[in-house]
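Topology and contacts: notes
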Amino acid sequence: MAAEIIDGRKIAGEIKEKLGKEIEELKDKGITPSLSSIQVGEDPGTKVYVRAQQKSCQKIGIEYSLHQFKGDISQEELANFIARLNEDKKVSGIILQMPLPSQLNGRVLQQMINPKKDAEGVSPANMGMLVYGRPILGPCTAMAVMELINSTGVKLYGKEAVVVGHSDIVGKPTALLLLNKFVTTSVCHIATGKRGTLPQCIAKGEILVVAVGKANLVKGEWIKEGAIVIDVGINRVEGKIVGDVEFDVAKERTSYITPVPGGVGAVTTAMLLKNTVEAAKLQS
Ligand code: NAP
C-alpha cells in the first residue's frame with residue numbers, strides 16, 4: 001500500500017484563504033489584527049522565519065511589526081518592551097522569535113506575554129487551558145499536527161496514537177490535543193529510546209507523530225501498516241531538509257504521511273496567523 005502524501009502547503013493555503021475573508025469582515029467592524037514580532041540578534045534561521053511570517057501576514061491583511069534588538073539587550077530591557085506591547089491596544093498578537101542569545105531567559109520572557117496576545121499559544125495560561133480541554137490560543141505546531149490528522153477525514157475516537165518527543169511546545173501539547181479527542185495516546189521520549197523499546201512502542205500507533213529532531217530516527221519498518229504519520233522533525237542533512245521518519249520506506253506501508261518540507265511547517269505558520277486573528281477578537 002502506498003500512502004497518500006498529506007499536502008501541508010495546500011491545507012495551509014485553505015486556512016489562510018478562510019482567514020483572509022474573516023479579516024475583511026473584522027476590518028469592516030473596525031478590528032485590524034496585528035502581529036508584533038520581537039527579533040534579537042542575527043540568527044540566520046530567524047531572519048528566514050521573520051520574512052516568511054511578514055509575507056504571510058501581509059498577504060491576508062494582518063499588520064506585521066518587526067521589532068529588532070541587538071544581541072546584547074538585557075533581560076530587563078526586553079521584559080519592559082514586552083510589557084509595553086502588552087499594554088498597546090493596537091497590538092493583537094506577540095511572538096518572541098527563538099533562539100535567543102544566552103544571557104536571556106526565553107522561557108521567562110515568553111511567560112510575560114499577555115496570554116490573550118500569546119500568538120504562539122505557549123504561555124502557561126494557554127497550556128493550562130489545553131489541559132482542561134478548552135484551549136484559547138493553542139500551541140501552533142501541535143494545532144497544525146491536529147489539522148493535518150483531521151485532513152485525512154479518519155475518525156479519531158478510540159484510535160491508538162503514539163507521540164515521539166515530549167517537549168513542552170510540541171510533544172506534550174500534541175498528546176493532550178489527541179487525548180482531548182478520546183485517542184488512546186502513548187508518549188515516547190529519550191528514556192524510551194535509551195531502553196531500546198522505541199520500535200515496539202511505535203508499532204502500536206495507528207496515528208504516529210514524531211517530534212524529535214533526529215534525521216531518520218524512526219525506521220519505516222517499525223511503523224504499523226496503514227498508520228497516519230505526521231513528521232514534525234526538521235533536520236538538515238547534506239544540504240537537504242529531512243524529517244525524523246525514514247520517509248521512503250514509511251510511505252510504502254502507511255495510509256497517510258506528511259512530507260518534510262511541505263508538511264507541518266506550512267500549517268504551523270497558518271496557525272500563527274489564526275491565533276493572531278483569534279487574539280484580535282479576544283481583545284475587541
Ligand atoms: P526538543 O525540545 O529538542 O524536543 C525533542 C524531544 O525528543 C525531547 O522530548 C527529547 O526527549 C526527545 N528525544 C530525543 N532523543 C530521542 C530518542 N532517541 N528517542 C525518543 N525521543 C527522543 O524539540 P522540539 O522543539 O519539540 O522540536 C522537535 C523537532 O520538530 C525539531 O526537529 C524541530 O526543528 C521541529 N519543529 C518543527 C516545527 C514545524 O513547524 N515544522 C515546529 C517546531 C519544531 P528529552 O527531552 O527527554 O531529551
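Residues numbered from 1 in each chain as written. Predicted model: local features only at pLDDT ≥ 70, side-chain atom pairs only at ≥ 80, totals over all residues. Heavy atoms only, no water.

Focus on the overall build of the protein chain
In terms of helices and strands, the protein chain carries 11 helices and 11 strands. By the compact-globule yardstick of 19 Å for 284 residues, the protein chain fits well, its C-alpha radius of gyration being 19 Å. With the principal axes as the frame, the protein chain shows a C-alpha extent of 50 × 45 × 40 Å. Relative to its 284 residues, the protein chain shows a buried fraction of 47%. A total accessible area of about 14,200 Å² is found for the protein chain, and carbon and sulfur atoms account for 52% of it. In the protein chain, the 35 positive side-chain charges and the 31 negative ones have mean positions that sit 2 Å from each other. (Helix = DSSP H or I, 4+ residues; strand = E, 2+ residues; numbered from the N terminus. Rg over C-alpha atoms; globule rule 2.2 N^0.38 Å. Buried < 20%, exposed > 50% of the residue type's maximum accessible area, 1.4 Å probe, protein only. Areas by Shrake-Rupley, 256 points an atom, 1.4 Å probe, with all protein chains shown as cover. Lys, Arg positive; Asp, Glu negative; His and termini not counted. Charge placed at Lys NZ, Arg CZ, Asp CG, Glu CD.)

A look at the site of the ligand
Surveying the vicinity of the ligand reveals 21 residues, the closest of which are His166, Ser167, Ile190, Lys214 and Thr268. Separating an oxygen atom of the ligand from a side-chain N or O atom of serine 167 is a distance of 2.5 Å. One of the side-chain N or O atoms of lysine 214 is found 2.9 Å from a nitrogen atom in the ligand. In isolation the ligand has 920 Å² of accessible area, and contact with the protein removes 70% of it. Within the residue set of the shell around the ligand, elements represented by two or more residues are helix H8 (190-195) and helix H11 (264-283). Here the shell around the ligand gets 3 residues from one element, more than from any other, and that element is H11. Residues belonging to the shell around the ligand are distributed by class as follows: 10 nonpolar, 10 polar and 1 charged. (Near = heavy atom within 4 Å. Polar contact = N/O pair within 3.5 Å; in protein donor to acceptor, adjacent residues only side chain to side chain. Nonpolar A, V, L, I, M, F, W, Y, C, P; charged D, E, K, R; others polar.)

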